Amino acid sequence: MSGSAHIEGFAIVSEDGMLANAHGIMPDSLIFEADQRFFERALDAVDVVVHGRHSHERQPRSPMRRRLIVTRQVPAITADPSNEKALFWNPAGASFEQALAAIGTPNGRVGIIGGTEVFGMFLDRYDLFHLTRAPNVRLPGGRPVFPDVPSRTPEEVLASHGLYEERREDLDPASGLAMATWQRSFEPER
């Protein structure tokens, strides 16, 4: 479980569960204004954003957000010399709790925004996962949202890690863009 931090994942994927093409680039076909508005508002509400070295949200407020950048290039936790609000974090050298404490948000709201390995690291810790499906978009050979995709759907992966679809929201009914919010299933203690 997530402990004292509240952890939310955010992803938009193609119909085949990909978040980027075969070159690791998020194509324009995955960019929808309604999803971008939701995403920016949601990230404005978190205390820290977590992503890999090649993932980021590319929005006007991005430089204002505290972030943990997951990388194997540092031994544990190191300041990002180009961004005073960011730390490089190697999970092999420091725990997630240590990284949150180092960035000053041990009990904060955390937004996970990818890529594949980073999304996979938190599968057993998400409190919520917001999964948007881009209609009529396929990215054969692309980068999957989770390590087990495409042999399993993103929804099957989330369910197998104790999350259930709590609600569905039409972000852009005209285009068919819908987002499902998955929530951790907590069983009452006996």
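Computed from a predicted model, the values in this text were never measured in an experiment.

Participant: How should I be thinking about the nonpolar core in this particular structure?
Facilitator: Nonpolar side chains in soluble globular proteins tend to be buried together. If you look at the biggest cluster of nonpolar residues, it comprises 53 residues, and the most contacted ones within it are Val50, Leu68 and Phe129. Those residues in contact with Val50, other than ones at most four positions away along the chain, are Leu68, Val70, Trp89, Phe96, Val110, Gly111, Ile112, Ile113, Gly114, Val118 and Phe122.

Participant: Would you mind showing me how to read the packing of aromatic side chains here?
Facilitator: One pair of aromatic rings is described through two measures. These are the centre distance and the angle between the planes. Applying the stated criterion to the full structure yields nine aromatic pairs. For the pair Phe10 and Phe38, a centre-to-centre distance of 6.2 Å together with 50° between the ring planes defines the contact as tilted. Remark: Phe38 occurs in helix α1 (residues 33-44) and Phe10 occurs in strand β1 (residues 6-13); sequence separation between them is 28 residues. With respect to burial, Phe10 and Phe38 carry one shared label: buried. On the basis of an interplanar angle of 80° and a centroid distance of 5.0 Å, the ring pair of Tyr126 and Phe129 is categorised as edge-to-face. Assessed through its relative accessible area of 0%, Tyr126 is described here as buried. Residue class for Phe129 comes out buried when judged on its relative accessible area of 0%. Chaining the aromatic ring pairs together yields one cluster made of Trp89, Phe96, Phe119, Phe122, Tyr126, Phe129 and Phe146.

What counts and what doesn't
Residues numbered from 1 in each chain as written. Predicted model: local features only at pLDDT ≥ 70, side-chain atom pairs only at ≥ 80, totals over all residues. Heavy atoms only, no water. Core = buried A, V, L, I, M, F, W, Y, C linked by side-chain atoms within 4.5 Å. Buried < 20%, exposed > 50% of the residue type's maximum accessible area, 1.4 Å probe, protein only. Contact = heavy atoms within 4.5 Å. Phe/Tyr/Trp six-rings, centres within 6.5 Å; stacked < 30°, edge-to-face > 60°. Helix = DSSP H or I, 4+ residues; strand = E, 2+ residues; numbered from the N terminus.

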